[in-house]
Amino acid sequence: MKNSKFLGIVLAAIGVFCLVYPIAASVWIEIVVGACFIAASFFTLLGVSARRGAWDKAYGALLTVLYLAAGGLMLLNPFEGVVMLMVLIGAIFTFEGVAAVALWGTDRNSPNSWLMLVNGAVTVALGALALFNPSYGVWFIGTLAGIDLLFSGIALIARGADA
């Protein structure tokens, strides 16, 4: 469990950085997501030739164009992309929080397992805030990521200390 303790420290440190510099963290996250969409378009394009049938190839080509367009728009307009990303992150955080609460339910007899419950509840709350307030702007994604990473790091540190 030394690895989970080390990973917890790293996650908590990145979380603190995101909380101190939320706008920089928001833009960085948006740029990384945009670059991932562009990379996905490249790999999807590589797979188009392996697809069978005209409709399957057309689907692959359309997906390539959509990934490339989304990534390009995000890289060209990072501040507008942040608002779009708010909705996506809200959905992801909500799912992650529910999963953390479910994990707590399977492991609630462990010492410090309450931290997993707190992590799940905080993450669900942050996800709901992002879903219902996408216009908060560029500072919110960095703050969300910072809080989530900080709490996840603390939970991993505590879990590593239990072992």
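Everything discussed here concerns the structure shown above.
Presented here is a report on the structure given in the accompanying data block. (Residues numbered from 1 in each chain as written. Predicted model: local features only at pLDDT ≥ 70, side-chain atom pairs only at ≥ 80, totals over all residues. Heavy atoms only, no water.)

Side note on the overall build of the protein chain
The number of helices and strands found in the protein chain is 6 helices and 0 strands. Helices and strands appear in the protein chain in the N-to-C order α-α-α-α-α-α. Principal axes of the C-alpha set define a box for the protein chain whose edges measure 55 × 35 × 30 Å. Looking at the protein chain as a whole, 34% of its 163 residues qualify as buried. Within the protein chain, contacts between residues at least 6 apart in sequence are counted, and of these 78% link residues at least 24 apart. Surface summary for the protein chain: the accessible area is close to 9,400 Å², and the carbon and sulfur share equals 77%. Here the protein chain contributes 7 positive and 7 negative side-chain charges, whose respective centroids are spaced 12 Å apart. (Helix = DSSP H or I, 4+ residues; strand = E, 2+ residues; numbered from the N terminus. Buried < 20%, exposed > 50% of the residue type's maximum accessible area, 1.4 Å probe, protein only. Contact = heavy atoms within 4.5 Å. Areas by Shrake-Rupley, 256 points an atom, 1.4 Å probe, with all protein chains shown as cover. Lys, Arg positive; Asp, Glu negative; His and termini not counted. Charge placed at Lys NZ, Arg CZ, Asp CG, Glu CD.)

Here's the deal with the nonpolar core
Generally speaking, soluble globular proteins have nonpolar side chains that are buried together. Ranked by size, the top nonpolar core spans 14 residues in total, and within it Ile29, Leu85, Ile89, Ile141 and Leu144 carry the most contacts. Elements that contribute at least two residues to this core include exactly α4 (78-106), α5 (114-132) and α6 (138-162). With sequence-adjacent residues up to four places away left out, Ile89 is seen in contact with Ile29, Ile141 and Leu144. (Core = buried A, V, L, I, M, F, W, Y, C linked by side-chain atoms within 4.5 Å.)

Some words on the packing of aromatic side chains
In this structure the tally under the stated criterion is 4 aromatic pairs. Summarising the aromatic geometry, the rings of Phe42 and Phe43 are spaced 5.3 Å apart at their centres and angled 75° between planes, so their arrangement reads as edge-to-face. (Phe/Tyr/Trp six-rings, centres within 6.5 Å; stacked < 30°, edge-to-face > 60°.)

Here's the deal with unusual backbone geometry
With a phi close to 65°, Asn112 is a non-glycine residue in the positive phi region. Topologically, Asn112 is positioned in the loop between α4 and α5.

Notes on a nonpolar patch on the surface
On the surface, Phe6, Leu7, Val10 and Ile14 cluster together into a nonpolar patch covering about 360 Å² of accessible area. One can find Val10 in helix α1 (residues 2-20). (Patch = residues over 30% accessible without salt bridge, like charges linked within 9 Å, V, L, I, M, F, W, Y side chains within 5 Å. Salt bridge = Lys/Arg side-chain N within 4 Å of Asp/Glu carboxyl O.)

A closer look at α4
For α4, spanning 29 residues, the distance from its first C-alpha to its last is 40 Å, which sits close to the expected 42 Å at 1.5 Å a residue. Within the sequence span of α4, burial applies to Pro78, Gly81, Val82, Leu85, Met86, Ile89, Gly90, Phe93, Gly97 and Ala100. (Expected span 1.5 Å × (residues − 1).)

Observations regarding the side chain of Thr64
Along the chain, the position of Thr64 falls in helix α3 (residues 54-76). A relative accessible area of 10% means that Thr64 is categorised as buried.

Just geometry here; none of it tells us what the structure is for.
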